[in-house]
Amino acid sequence: MKFTKMHGLGNDFVLIDCMEQEVKNPSQLAQEMCDRNFGIGADGLVLILPSDLAEADYRMRIFNPDGSEPQMCGNAIRCFAKYLYERELTEKTKLNIETLAGIIRPELILKDGAVELVKVDMGEPILRRSEIPMEGEEQEQVIKEELAVGTEVFEVTAVSMGNPHCIIFVDDIEEIELSNWGPQIETHKVFPEDINVEFIEVLNQDEIEMRVWERGAGITLACGTGACASTVAAILNGYTNRKITVHLAGGDLVIEWADNNNRVYMSGPATEVFEGEWKL
Ligand SMILES: N[C@H](CCC[C@H](N)C(=O)O)C(=O)O
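Residues numbered from 1 in each chain as written. Predicted model: local features only at pLDDT ≥ 70, side-chain atom pairs only at ≥ 80, totals over all residues. Heavy atoms only, no water.

Within the UniProt annotation, "binding site: substrate" (unreviewed entry) is assigned to N11, N64, G74, N75, N163, N196, E214, R215, G224 and T225. One can find N196 in strand β11 (residues 196–204). The exposure class assigned to N196 is buried, which follows from its relative accessible area of 3%. Among residues more than four places away in sequence, those in contact with N196 are N163, P164, H165, C166, W213, E214 and R215. If sequence neighbours within four positions are ignored, T225 has contacts with M72, C73, G74, M122, M161, N163 and H165. (UniProt positions renumbered as here; feature names shortened; annotations may be inferred. Helix = DSSP H or I, 4+ residues; strand = E, 2+ residues; numbered from the N terminus. Buried < 20%, exposed > 50% of the residue type's maximum accessible area, 1.4 Å probe, protein only. Contact = heavy atoms within 4.5 Å.)

Here we come to the environment of K2. When you line up the elements, K2 lands in strand β1 (residues 2–8). Residue classification places K2 among the exposed positions, given a relative accessible area of 57%. Note: C-alpha distance between K2 and T220 (218 residues apart in sequence) is 25 Å. Dropping the residues within four chain positions of it, K2 is found in contact with I16, Q21, G276 and E277.

What follows deals with unusual backbone geometry. Of note, the amide linkage connecting I132 to P133 takes the cis form, showing an omega dihedral of 0°. Of note, N262 is a non-glycine position whose phi angle comes to about 65°, a positive value. Structurally, N262 can be placed in the loop between β15 (251–257) and β16 (264–268).

A word on the pairing of strand β12 (residues 207–214). Summarising burial for β12: six of the eight residues are buried, a large majority. As defined by bridge partners, β11 adjoins β12 across seven bridges and the pair is classed as antiparallel. Bridging from a neighbouring strand, I200 pairs with M210 of β12. Here β12 pairs with strand β14 (residues 243–248) via three bridges, running parallel. Note on β14: the bridge partner recorded for I208 is V246. Pairing of β12 with strand β13 (residues 218–220), which is carried by three bridges, proceeds in the antiparallel orientation. (Pairing = 2+ DSSP bridges.)

The pairing of strand β10 (residues 164–169) with β11 spans five bridges and is parallel. Across the sheet, C166 pairs through a bridge with V197, a residue of β11. Of the crossover connections in this fold, the one passing from β10 over helix α3 (residues 178–186) to the parallel β11 is right-handed. Count of turn residues in the β11/β12 antiparallel hairpin: two residues. (Right-handed = clockwise from strand over helix to strand, strands pointing away.)

With that settled, consider the nonpolar core. Formed by 53 residues in total, the largest nonpolar core has its most connected members in M60 and M122. Residue contributions to this core reach at least three from each of two domains, namely domain 1 (2–116) and domain 2 (129–268). Among all residues touching M60, those that are not within four sequence positions of it are V46, L47, M72, C73, A76, I77, F80, I97, E98 and T99. In this structure, V149, I173, L178 and V197 belong to the second largest nonpolar core, which totals 21 residues. (Core = buried A, V, L, I, M, F, W, Y, C linked by side-chain atoms within 4.5 Å. Domains from an automatic or database assignment.)

Its location among the elements puts R129 in the loop between β7 (114–121) and β8 (142–149). A polar side-chain atom of R129 sits 2.9 Å from a polar atom in the side chain of E145. With sequence-adjacent residues up to four places away left out, R129 is seen in contact with M134, E135, G136, E137, Q139, E140, V142 and E145. (Polar contact = N/O pair within 3.5 Å; in protein donor to acceptor, adjacent residues only side chain to side chain.)

What follows concerns the pattern of salt bridges. Evaluation of the coordinates by the stated rule reveals 17 salt bridges. Two residues, R61 and E69, come together in a salt bridge whose shortest N-O distance is 2.8 Å. The partly exposed category is assigned to R61, whose relative accessible area is 22%. Across the salt bridge formed by E155 and K144, the nearest N and O atoms sit 3.9 Å from each other. A residue pair is termed long-range when its members are at least 10 positions apart, and E155 in strand β9 (residues 152–160) and K144 in strand β8 qualify at eleven residues. With a relative accessible area of 39%, E155 lands in the partly exposed category. In this structure K144 comes out as partly exposed when scored by relative accessible area, which is 36%. When salt bridges that share partners are traced, they join K5, D12, R36 and D43 into one network. (Salt bridge = Lys/Arg side-chain N within 4 Å of Asp/Glu carboxyl O.)

Written out as structure tokens, the structure is:
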């Protein structure tokens, strides 16, 4: 089975073009392919599929290394869009992609005919507690709510970009023991579908530093939906302007939560590394 290895700021994926080959058990295949010793090694498996929706060009499915299927993946959809254009599966530079988070709209930014950046309309953030989802009394938003994790108490802000994110603002991000707190918060009983965990240090009104423990994946070098959710959380808490740079371990994303249409825009690179043949 042919595959293509790509990454968005070091958040890496195996892409399989299912227009010509069928994947029977993607959850099992994701666990095998994503294994960094016995497989290819990746933070996710991405399937390129036709869409039955008239308004969509293609459909993207994403699977975490643990085999779970999240609603969306920001770094992956930039890779997905670049793949379609460079393989001439589309001539469009503005695409409509069907995902479990709805129709997501990547735009390819070209320079000298090549894809330089991908700007993605990630849709509107979801802030209602019950839609994150997060248990507890019904309320509009979860902003700086205390969450007991073992002997520690964190102030959390919860935002969904189709997939759930728990954002915690700290004074010094280097002091955070991500491997300790990440899994405990990811699987906390208050989050019925588990959750991605972002620790944020606000550098100034135009920049934040982010480290992430991803649901179903663990520590990754970047998380696109997480950067979007963290930007929304920073604005809700009054820390930053509406268009900022998010500094991730793997590089930078520019995120804007537009005040004229309530939509979140993410701009960043997508890189193809190699093609290969998976021996079934
Ligand atoms: N692990 C995430 C999906 C991948 C998100 C991330 N890689 C991104 O770039 O948005 C989840 O279970 O919601």
